[in-house]
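Below, each chain spelled out in residue letters.
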Amino acid sequence: MLLRAFRLQPLSQKPHFRAPHLQSLTTLSTAPHTVSVNDIVVSVSSLIKKPNWQKNSRLGNLVSHLSPHLVSRIIASHSGDVPLCLNFFKWACQNSTCCYDINSRIQLLHFLASDNLWGVMHKVLIFLIKECCSSQDDVLKLICAVEEMRENVGFRINYPCYSMLLMCLAKLDLGLIAFSVFKRMLEDGFVVSEMDYRMIVNALCKNGFVQAAEMFVSRALKLGFALDVHICTSLVLGNCRAREVGDALKVFALMSEEDGCGVNSVTYTILVHGLCEVGRLDEAFRLKEEMSKNGYKPSTHTYTVLIKAMCDKGLMNRAFGLLDEMMKKGCKPNVYTYTVLVDMLCIEGKIEEANGMFRKMLKDKLNPGIVTYNALINCYCKEGCVVLAFELLGLMERRQCKPNIRTYNELMEGFCNIGRPHKAVALLRKVMNNGLFPTGVTFNILISGFCRAGQLTMAFKILHSMSSIGLEPDQFSYTAFIDSLCKMGRLELAGVFLGLVIKKGIPVDEVMLTALIHGYCKTGKCRYALMLMEEMVKDGCLTGPHAFNIFLDVLGKEVKLVEENAMLGKMLKHGAVPSVVTYTSLVDGLCRAGDTATSLEMLELMKQVGCPPNIYTYTIVINGLCRSGKMEDAENLVVEMRRAAVSPNSITYALLIKSYVAAGRLDRAFEIVRTMFLDGCRPNNQIYSALLAGILALENAGLNDQSSSRGKFSVDSSSNLLFMEIGIYQAFQLLHRITDCGCDPSDAYSFLIIGLSRTGRIQEADILVQQMVSNGLTPNNDTCASMITHFCRCDDYTSALEWIKRFVVYGCVLSIDPYCSVIIGLRREGRIKEAESLISDLLSNAGVEDQRAVLPYLDFLVKGEEHCQFLELLKLIEQMGCKERPVM
């Protein structure tokens, strides 16, 4: 039977896992007074007989010690009063951390079954089914538990339980499970009602099982039930889910006939959704208009479906136009409408707009769901706004929206992306305290984060912990190791991991092998790389030009043009289509050989074969021309780039500027700066370094003739060397000339302040900060962090604190890192009040609107990373694999 496929470990035995912060009830040391288990049972049993017992403070003190076993004993003592037993069961599930998750509640159900409390069980089972209506996993666990109790103690659920279960399964799109429940219902001798048939048909249609649903419709008709609009609407839904929109339209047409059952707004909306799913958007909009003409008002769901279709196409303006239209027609957006818009704004990186939409949800008294929170948290983490991400985490917990494992995965990935994987490991403690279990995705995020940080030992420990709890590493787990090892040049160890992948039977994909090829080529072992590629060709796992491009890149850099052409021929022979990367590697080889004429011809060839050059291709040729002293030709190529709708970037302009500076033509270099600013491109640090080197060279030469000026500084001089030698006059000269070019000098100020701070010249940096602020400019985070970091390195936390306060007054928005460094230093010196005050400033400056939401996480965010704690945490995870209960 299908239900048996979802059988769980018997919950009457010791559960496999429980929220790690719960200790066994054999030790009640945290109770207000040391009491026995029997005392608790007697006390609670007497308390719940009193009026308004739910508000009793004594009961509130004891609730944390009410395990499933104790709750069952208390219920058994009141088995004659079923309403009281039901109310106490609900209260215990909502207030006792021991009965919070579905596993604990099912364990409680087993205890009730062992006492043969059938009357109570039928009532509480209906409550549990309703509680599970938002989670497929939870309802499947509950079904398996009921099936187990049926076999072990002979428990049979009654008709109301069956009916509620069918309704829940239909809501969760579990059509096949609903069919199994229906069969068991018949076996138990229950007569199925018309409503039950509707639920079964609806559940099957939600999964696209139209033929099975039609069979049930035929059966219902034979029993004398009518073919009504609800059943027919489900058939429209089923055909749409099966992507048979043509058949859905036929059913809709039959419903719309004079002798048909008629249609309603739900029918229209389902059909609109079906048309959107197959890309027939024009028909979907026409149907929406037809809906209004026929007297059916488009619902919030109708508009939400169309808004999502517009968002999926990237047509945000049309999506917001629909939002305005629905609100003008008095149709209020719901949680799903807002969530669709929030999600799309987050995907596009428009975090401020997404946050505004989220706040509007709250203002409209709507409770955002887990999808909304996760989308925003993911977006904040990608932007590096960790404090705001944790504000959302705290907010969702306070609004009774329990975070899921994906929520924490997003936060962990955010920490890994900013190079703090140890914080991500520490977050595992919070995961397990919430009764969640880390998944393969969780471990892969951590493994990838530590591999990217070059901390392979820690990554390997996490891999080992993954195996110990029954989660098998997959391709992603091992690819992270192989890729990192290849980049580090540790090819032998990378080969060991590849052998392990093969031994475990995990498919070896193109990504893994390409990483190895890149590693071999990088270390000069091209022969091994070539052998590996030949094996990939034989096995048919070479699907694209990536591996060939690696060889072409290496050969081009070594100026081995003959071998490069041979590799191109081999690439074409194996049917791999050259990409823009392929051509760029060929162009690079030609430019390195000094053959700029042929490289220009290659650009024309790329256009002819339908693979136009990109910014990298053009930049390589421009670099070749500049190296050959052909700066005017390089400038002409920049003009050609613009005509081809390829915008030059700061690297492109840097090549030109550095070439002119090296040639002693400083005025021309500044003219290029003016041009790039007009193109909307901001100068980078390379450009500022080159210009500063040019100014110093001119000063040192002491010449008025710029065309012949040469000094001891070159355009490639070390940045630190430059900042050790410059005076404040040269810094102001650079700023003056940048401003004369029409550029915003903010970046130039930042470049100078950071450079001076890094070399310990804090007084000159202070002068520039004051000058910057007096000119109405605000220092950015990197500028502020550089000065604060200087003081922290010198253990001068008083000055660091003063500078933070100054920067806040200037209107700067600081990231969490500068704050953390100073807070840790102040705590180390015992200056706790100052540290606490700074924490409050951190929250205000980060834009946190509800500081209470972040307070529980502040210590986690600002405290230092103690690696020994992470190793202990991994040991606790390993204990789970041994079916132990770790105490956190």
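Placed above this text is the structure.
Residues numbered from 1 in each chain as written. Predicted model: local features only at pLDDT ≥ 70, side-chain atom pairs only at ≥ 80, totals over all residues. Heavy atoms only, no water.

So, the overall build of the protein
From N to C terminus, the protein includes 48 helices and zero strands. Judged by the C-alpha coordinates and their principal axes, the protein covers about 105 × 70 × 60 Å. When contacts within the protein are restricted to residue pairs at least 6 apart in sequence, those whose partners lie at least 24 apart make up 65%. Accessible area for the protein stands at about 40900 Å²; split by element, carbon and sulfur atoms hold 52% of it. Mean positive and mean negative side-chain charge positions of the protein (93 and 90 charges, respectively) differ by 6 Å. (Helix = DSSP H or I, 4+ residues; strand = E, 2+ residues; numbered from the N terminus. Contact = heavy atoms within 4.5 Å. Areas by Shrake-Rupley, 256 points an atom, 1.4 Å probe, with all protein chains shown as cover. Lys, Arg positive; Asp, Glu negative; His and termini not counted. Charge placed at Lys NZ, Arg CZ, Asp CG, Glu CD.)

So, empty space enclosed by the protein
Enumeration according to the criterion identifies three cavities of 30 Å³ or more in this entry. Its boundaries defined by the atoms lining it, the largest cavity holds a volume of some 160 Å³. Those elements that place two or more of their residues in the lining of the largest cavity are helix H6 (118-131), helix H7 (136-153), helix H8 (159-171) and helix H9 (175-187). Looking at which element gives the most residues to the lining of the largest cavity, the answer is H7, with five residues. (1 Å grid on protein atoms, 1.4 Å probe; cavity = no way out; pocket = protein on both sides within 12 Å on 5 of 7 lines; lining within 4 Å. Points joined across faces, edges and corners; volume = space filled by probe spheres on them.)

Thoughts on the pattern of salt bridges
A full pass over the atoms with the stated rule returns 38 salt bridges. A salt bridge links glutamate 325 to lysine 288; its shortest N-O distance comes to 2.8 Å. Of this pair, glutamate 325 sits in helix H17 (residues 316-328) while lysine 288 sits in helix H15 (residues 281-293), placing them 37 residues apart in sequence. Within this structure, Lys288, Glu289, Glu325 and Lys329 form a network of salt bridges that share partners. (Salt bridge = Lys/Arg side-chain N within 4 Å of Asp/Glu carboxyl O.)

Description of the packing of aromatic side chains
Summed over the entire model, instances satisfying the criterion amount to 25 aromatic pairs. For the ring pair phenylalanine 88 and tryptophan 91, a centre distance of 6.0 Å and an interplane angle of 25 degrees mean the geometry is stacked. Of the two residues, phenylalanine 88 and tryptophan 91 are both situated in helix H4 (residues 82-95); the distance of three residues between them amounts to about one turn of the helix. Ring geometry for tyrosine 268 and tyrosine 296: centres 5.4 Å apart, planes at 45 degrees, overall tilted. With tyrosine 268 in helix H14 (residues 265-277) and tyrosine 296 in the loop between H15 and helix H16 (300-312), this residue pair connects regions lying 28 residues apart in the sequence. Residue class for tyrosine 268 comes out buried when judged on its relative accessible area of 3%. Residue tyrosine 296 is classed as partly exposed on the basis of its relative accessible area of 27%. By the ring-pair criterion, three or more aromatic residues cluster together here, those being Phe179, Phe182, Tyr197, Phe216 and Phe225. Over the face of the ring belonging to phenylalanine 285 we find arginine 318, whose NZ or CZ atom lies 4.9 Å from the ring centre. Looking at arginine 806, its charged tip hangs above the ring of tryptophan 803, at a distance of 3.8 Å from the centre. (Phe/Tyr/Trp six-rings, centres within 6.5 Å; stacked < 30°, edge-to-face > 60°. Buried < 20%, exposed > 50% of the residue type's maximum accessible area, 1.4 Å probe, protein only. Lys NZ or Arg CZ within 6 Å of the ring centre and 35° of its normal.)

Quick word on the side chain of threonine 233
In this fold, threonine 233 is placed in helix H12 (residues 229-241). Discounting residues that sit within four places of it in the chain, threonine 233 has contacts with Met255, Asn264, Val266, Thr267 and Ile270.

Things to note about the environment of arginine 420
Of note, arginine 420 is situated in the loop between helix H22 (405-417) and helix H23 (421-433). Residue class for arginine 420 comes out buried when judged on its relative accessible area of 14%. Sequence-wise, arginine 420 and valine 508 are 88 residues apart; in three dimensions their C-alpha atoms are separated by 30 Å. Within polar-contact distance, the side chain of arginine 420 engages the side chain of aspartate 817 at 2.8 Å. (Polar contact = N/O pair within 3.5 Å; in protein donor to acceptor, adjacent residues only side chain to side chain.)

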